[in-house]
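The chain contents come next:
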Amino acid sequence: MKTIIEPFRIKSVEPINFNTREERIYLLGKADYNPFLIHSEDVLIDLLTDSGTSAMSSAQWAGIMRGDESYAGSPSYFRFRDAVQAITGMPDVIPTHQGRASEKILFSILGGKGKYFISNTLFDTTRANIEFSGAEGIDLLCEEGKHPSVPAPFKGNMDVPALRKFITDHGAENIPLVIITVTNNSGGGQPVSMANIKAVRKVCSEFCIPLFIDACRFAENSWFIKLREEGYAHKTPREIAKELFSYADGCTMSAKKDAFANIGGFLAMRDENLALKCRNLLVITEGFPTYGGLAGRDLEAIAIGLEEVLEESYLQYRIRSIEYLTNKLIDAGVPVMQPAGGHAVYLDARAFLPHIPVDQYPGQVLVGALYVEGGVRGVEIGSLMFGKYDEDHKLIPATLELVRLAIPRRVYTQSHIDYVAEVIIEVFNKRDTYSGLRIIEESAFLRHFTVKMVPVM
Ligand code: F0G
């Protein structure tokens, strides 16, 4: 087997600004130990997110020039709608400016006090939009998904018996939707099997609860199904994606991930009454139904991106590059989520820095260390992002303390990835020298974006 190469040539480049370790120590302090507050020009390899950071293709840039900016009925909208319908089979396609705008609309309509939304794992913005409506978000992840170091093929699966029990205990009338996140971003970018989606569909049908897909990384999930699930090896990613969506009543999508767009998203669904309510809210919050919160040129970039993301050569390279970095780390003894996820490498911060207690945020400490040692920016997905407080203001920690290194699509080459591995291994070798952080300022929702921290003395 020969090396799986990047299936593209580079036509346009952006310089990386180099800085020194001393400069980065100063910059991290200036950013209050919060990677979101570091300026991107001060980052060498930016793995903060795979969202909106993709390199677009020459075909997408050409589509951007073709974009029609008519307020109503633009041909760019119809190309966008057709591309979404061709994959999801869902008749109502509602453009939004990004995934969370779709969530805001959906949960404003379906949410409210006393309601529960059940998921394998809700992403932070999804959970925040649910909670902002007054409803509660419930994660029912399968047992395998809760153990970072234990490999299993579909660690993003929902716990189906727990789903049935929750519905029976709380009443189907209080559960407006079940949402499956593919791949499971907050749980390690791990895929959900087709069998699991079918099983969840069955339970939803039994209790008349609609099933939605949080489809941000549907193409990556489809590729894992092809590689790992019996009966799918000979199917194309497009066929698999179509089957996956066929079990759902609707989806929310951030086109900033598996559509290679720098901005954009959509809601798609089969229930025309719900779609009407969503469009009514869309007009107030996002824009007219044929552009949502987007320019015509963005709709073109998404339509073309949705085609390109299902190409086998791309998906093979994409999934292989994440696996390449994960395997290098495993070989060096670094504790990582196993097996490799679809869009990111997840370091197990609790195992990496066992001497730092969870209420001193080991994940955030590790994020800081990677920045100082190598200018690599990642993000904590642990108790800073998902932790809550009890009545005595004591931290209720998250299930996992992870650091996510998300790989932007088509942006970095193999030598960039080799460098990232070297930085992580260097930090691992001096892990005993790091100490904890404490919070000095935070907000009630999505606190990780704006939190200010200082080292524990
Ligand atoms: N759902 C999932 C699974 C996501 O990963 C994201 C975004 C969203 C919804 C919201 O989409 O950003 O377009 O509003 N995830 C980004 C990330 C931010 O870094 O993982 P959005």
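Predicted model, so just to flag it, every value in this text is computed and none were measured.

Topic: the site of the ligand
Part 1 of the argument: What surrounds the ligand is a group of 17 residues, the closest being T49, D214, S254, K257 and R404.
Part 2 of the argument: Between the ligand and the protein, one listed contact pairs an oxygen atom with a side-chain N or O atom of N185 at 2.7 Å.
Part 3 of the argument: If the ligand stood free it would expose 470 Å²; the protein chains cover 94% of that surface.
Part 4 of the argument: Looking at which element gives the most residues to the shell around the ligand, the answer is helix α4 (residues 99-110), with three residues.

A short note on the environment of E206
Part 1 of the argument: Here E206 shows up in helix α7 (residues 194-206).
Part 2 of the argument: Using a relative accessible area of 47% as the deciding quantity, one classes E206 as partly exposed.
Part 3 of the argument: Taking the C-alpha atoms as reference points, E206 and A31, separated by 175 residues in sequence, lie 50 Å from one another.
Part 4 of the argument: A polar atom in the side chain of E206 sits 2.7 Å from the side chain of R164.

Focus: the layout of surface pockets
Part 1 of the argument: Taken as a whole, the largest pocket encloses approximately 1,400 Å³ of empty space.
Part 2 of the argument: Together, 39 residues line the largest pocket, and S12, E14, A55, R410 and V411 are the ones closest to its centre.
Part 3 of the argument: Taken together, the residues of the lining of the largest pocket break down into 17 nonpolar, 13 polar and nine charged.
Part 4 of the argument: Summarising the domain contributions, the lining of the largest pocket has at least three residues from each of domain 1 (21-50 + 312-455) and domain 2 (58-308).
Part 5 of the argument: Size it by volume and the second largest pocket reaches roughly 820 Å³.
Part 6 of the argument: Looking at the second largest pocket, it is lined by 33 residues, and the ones nearest its centre are R127, M385, F386, G387 and K388.

Considerations on the pairing of strand β2 (residues 92-96)
Part 1 of the argument: Judged by how many residues are buried, β2 sits mostly within the fold: five of five residues are covered.
Part 2 of the argument: Burial along β2 is two-sided: the face carrying D92, I94 and T96 and the face carrying V93 and P95 are both buried.
Part 3 of the argument: As defined by bridge partners, β2 adjoins strand β8 (residues 265-269) across five bridges and the pair is classed as antiparallel. For V93, the partnering residue across the bridge sits in β8 and is A268.

As for α4
Part 1 of the argument: The first and last C-alpha atoms of α4 sit 17 Å apart over twelve residues, in line with the 16 Å expected at 1.5 Å per residue.
Part 2 of the argument: Just downstream of α4 lies G112, where phi reads positive at about 120°.

Observations concerning empty space enclosed by the protein
Part 1 of the argument: All told, the structure shown has one cavity of 30 Å³ or more when counted by the stated rule.
Part 2 of the argument: Computed from the structure, the largest cavity encloses a volume of approximately 30 Å³.
Part 3 of the argument: If you trace the largest cavity, you find it lined by A83, V84, I87, T88, F218, F245, F266 and L306.
Part 4 of the argument: For the lining of the largest cavity, the element with the highest residue contribution is helix α3 (residues 75-88), accounting for four residues.
Part 5 of the argument: Residue classes in the lining of the largest cavity are distributed as seven nonpolar, one polar and no charged.

Remarks on the packing of aromatic side chains
Aromatic rings considered in pairs are described by the distance between their centres and by the relative angle of their planes.
Part 1 of the argument: According to the stated counting rule, one finds 14 aromatic pairs in the structure shown.
Part 2 of the argument: Summarising the aromatic geometry, the rings of F36 and F449 are spaced 4.8 Å apart at their centres and angled 85° between planes, so their arrangement reads as edge-to-face. In this pair, F36 sits in the loop between α1 (21-30) and β1 (45-46) while F449 sits in the loop between β15 (437-441) and β16 (452-455), placing the two residues 413 residues apart along the sequence.
Part 3 of the argument: Under the relative-accessibility criterion, F36 is labelled partly exposed at 27%.
Part 4 of the argument: Arranged with centres 4.9 Å apart and planes meeting at 80°, the rings of F260 and Y314 form a pair that is edge-to-face. Residue F260 is located in the loop between β7 (250-254) and β8, and its partner Y314 is located in helix α12 (residues 312-331); the two are separated by 54 residues in the primary sequence.
Part 5 of the argument: For F260, a relative accessible area of 0% puts it in the buried group.
Part 6 of the argument: Take Y314: its relative accessible area is 4%, and that puts it in the buried class.
Part 7 of the argument: An aromatic cluster is defined as three or more aromatic residues linked by ring pairs; in this entry it consists of F8, F260, Y314 and Y317.
Part 8 of the argument: Over the aromatic face of F260 sits the side chain of R410, whose NZ or CZ is 3.6 Å from the ring centroid.

A short note on the packing of helix α6 (residues 160-170) against α7
Part 1 of the argument: In contact at an axis separation of 10 Å, α6 and α7 are set at 15° when each is read in the N-to-C sense. The pairing of α6 with α7 is recorded here as roughly parallel in orientation. In the crossing of α6 with α7, the sense of the turn from one axis to the other is right-handed. Contacts between α6 and α7 involve V160, L163, R164 and I167 on the former and, on the latter, N196, A199, V200, V203 and E206.
Part 2 of the argument: For the contact of α6 with α7, the per-class residue count stands at six nonpolar, one polar and two charged.

Conventions used here
Residues numbered from 1 in each chain as written. Predicted model: local features only at pLDDT ≥ 70, side-chain atom pairs only at ≥ 80, totals over all residues. Heavy atoms only, no water. Near = heavy atom within 4 Å. Polar contact = N/O pair within 3.5 Å; in protein donor to acceptor, adjacent residues only side chain to side chain. Areas by Shrake-Rupley, 256 points an atom, 1.4 Å probe, with all protein chains shown as cover. Helix = DSSP H or I, 4+ residues; strand = E, 2+ residues; numbered from the N terminus. Buried < 20%, exposed > 50% of the residue type's maximum accessible area, 1.4 Å probe, protein only. 1 Å grid on protein atoms, 1.4 Å probe; cavity = no way out; pocket = protein on both sides within 12 Å on 5 of 7 lines; lining within 4 Å. Points joined across faces, edges and corners; volume = space filled by probe spheres on them. Nonpolar A, V, L, I, M, F, W, Y, C, P; charged D, E, K, R; others polar. Domains from an automatic or database assignment. Pairing = 2+ DSSP bridges. Expected span 1.5 Å × (residues − 1). Phe/Tyr/Trp six-rings, centres within 6.5 Å; stacked < 30°, edge-to-face > 60°. Lys NZ or Arg CZ within 6 Å of the ring centre and 35° of its normal. Axes fitted to C-alpha atoms, helices over the stretch in contact; angles between N-to-C directions. Parallel < 35°, antiparallel > 145°, perpendicular 65-115°, else oblique. Left-handed = near helix turned anticlockwise from the far one by under 90°. Contact = heavy atoms within 4.5 Å.

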